[in-house]
Amino acid sequence: MVARAQVRAFYDEFFESRMVQYRLFGNRRIELAARRIEPYVQPGHRVLDVGCGIGIVTERIAGRARGGRVWGIDLGGRNVWYASHTVRKSNVSFFTADILTDAGHIRERTGGAFNVITLVDVIEHIPEAERPGLFVRLKGLSAPNALLILTYPSPQYQRSLQRNRPQELQIIDNVVELPTLLAEAGAAGFSLRHYSLEDVWMRNQYVHCVLQTNDALAEPARPEPTLSREIGERVQRATRKAFVLPWRRWRFVTRILKEEQREKSPHAVDS
Ligand SMILES: C[S@@+](CC[C@H](N)C(=O)[O-])C[C@H]1O[C@@H](n2cnc3c(N)ncnc32)[C@H](O)[C@@H]1O
């Protein structure tokens, strides 16, 4: 088993050797992850970005969660320090925390009840034996109808790295199989909303997986009513009643029933 101090030291070094490069040159994996997450984040949302690294995705999320708040947490102190000095948005905070041991501290600092929790390239770095407990903790930090968004290397990519380029693997770097993930997340109260294999630099290289808490059926959240939206909706309802419904009734009911009658008794005369 790898000690937490070793993992922390690894990511403090990884910060300089790899992560800062993402700020200089951009990174397609991160860009695609941000694009996957953004549509799920609404104004006013509370979001937790677990293993935020240097905060690139956290910053993108904050742009969406206007009027809400986003927290980026990471094991690596240097990542958190760098993120707090480079991401300048009033609705973001970063702090050092281990998601496996510090859930209580995270709840104290943030109030918990997150609408969206993201793990961008993090789940594969969690020790396998700790994953079921991780999902339980994440569920405990979730608001009702929350989403949990995971992006991670696909099993086929991880296996190919293990075979051909093991030196590129990080200190803990597991193959995450979908059935195992669904069983672990399901036991904690999450179910699958979206799963896709994504082409990043190679075909089928990454997984985008969106889980949701198993809450009762609920009406989708509606935007705040405004006068112009109200007028627009009334015009739409009136047009539908006056034109669309009569036309559909003629096209799909009256005409077809008449046709049916004609076919049944071809010699009858229309009244
Ligand atoms: C591969 S990096 C991904 C960083 C960032 N999300 C990105 O996509 O660029 C994995 C990150 O997860 C963090 N991490 C690993 N285990 C963690 C844990 N138990 N709690 C919090 N962060 C953790 C590491 O410190 C590291 O910054």
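Residues numbered from 1 in each chain as written. Predicted model: local features only at pLDDT ≥ 70, side-chain atom pairs only at ≥ 80, totals over all residues.

## A closer look at the overall build of the chain
Logical step 1: Scanning the chain for helices and strands turns up 9 helices and 7 strands.
Logical step 2: Expected size for 271 residues packed as a compact globule is a radius of gyration near 18 Å; at 25 Å, the chain overshoots this value by more than 25%.
Logical step 3: Residues counted as buried form 31% of the 271 residues belonging to the chain.
Logical step 4: Looking at the chain alone, contacts between residues at least 24 apart form 68% of all its contacts between residues at least 6 apart. (Helix = DSSP H or I, 4+ residues; strand = E, 2+ residues; numbered from the N terminus. Rg over C-alpha atoms; globule rule 2.2 N^0.38 Å. Buried ≥ 20, exposed ≤ 12 C-beta atoms within 10 Å, placed from the backbone. Contact = placed C-beta atoms within 7 Å.)

## Describing the domain arrangement of the chain
Logical step 1: In terms of domains, the chain is made up of domain 1 (4-213) and domain 2 (223-271).
Logical step 2: A straight line from the C-alpha centre of domain 1 to that of domain 2 covers 49 Å. (Domains from an automatic or database assignment.)

## Some words on the site of the ligand
Logical step 1: In the vicinity of the ligand lie 18 residues, with Tyr-11, Gly-51, Gly-53, Leu-75 and Gly-76 positioned nearest.
Logical step 2: Of the residues contributing to the shell around the ligand, the split by class is 10 nonpolar, 5 polar and 3 charged. (Near = placed C-beta within 6 Å. Nonpolar A, V, L, I, M, F, W, Y, C, P; charged D, E, K, R; others polar.)

## Quick look at the packing of helix H6 (residues 131-140) against helix H8 (residues 178-188)
The description of two helices packed together rests on the angle between their axes and the distance between the axes.
Logical step 1: For the pair H6 and H8, the least separation of the axes is 8 Å and the interaxial angle reads 40 degrees. On the basis of the axis angle, H6 is oblique to H8. Crossing of H6 over H8 shows right-handed handedness. Seen from H6, the contacting residues are Arg-131, Pro-132, Phe-135, Val-136 and Lys-139; seen from H8, they are Glu-184, Ala-185, Ala-187 and Ala-188.
Logical step 2: Split into classes, the residues belonging to the contact of H6 with H8 amount to 6 nonpolar, no polar and 3 charged. (Axes fitted to C-alpha atoms, helices over the stretch in contact; angles between N-to-C directions. Parallel < 35°, antiparallel > 145°, perpendicular 65-115°, else oblique. Left-handed = near helix turned anticlockwise from the far one by under 90°.)

## Some remarks on unusual backbone geometry
Logical step 1: At Ala-113, a position not held by glycine, the phi torsion is positive, near 50 degrees.
Logical step 2: One can find Ala-113 in the loop between helix H5 (103-110) and strand S4 (114-120).
Logical step 3: We classify Ala-113 as partly exposed; it has 13 C-beta atoms within 10 Å.
Logical step 4: Located in the positive-phi region is Asn-145, a residue other than glycine, with phi close to 55 degrees.
Logical step 5: As for its position among the elements, Asn-145 is in strand S5 (residues 142-153).
Logical step 6: With 14 C-beta atoms packed within 10 Å, Asn-145 lands in the partly exposed category.

## Regarding H6
Logical step 1: By the burial criterion, the buried members of H6 are Arg-131, Leu-134, Phe-135, Arg-137 and Leu-138. All buried residues of H6 lie within an arc of 160 degrees about the axis, which places them on one face of the element.
Logical step 2: Check the buried side of H6 and you find it contacts H5, S4, S5, H8 and strand S6 (190-198). (Arc of directions from axis to C-beta.)

## A few points about the packing of helix H2 (residues 28-37) against helix H3 (residues 56-64)
Logical step 1: Contact geometry of H2 with H3 gives a least axis separation of 10 Å together with a crossing angle of 30 degrees. What the angle tells us is that H2 and H3 run roughly parallel. As for the relative orientation of H2 and H3, their crossing is right-handed in sense. Counted together, Ile-30, Ala-33, Ala-34 and Ile-37 of H2 and Ile-56, Val-57, Arg-60 and Ile-61 of H3 form the full contact between these two elements.

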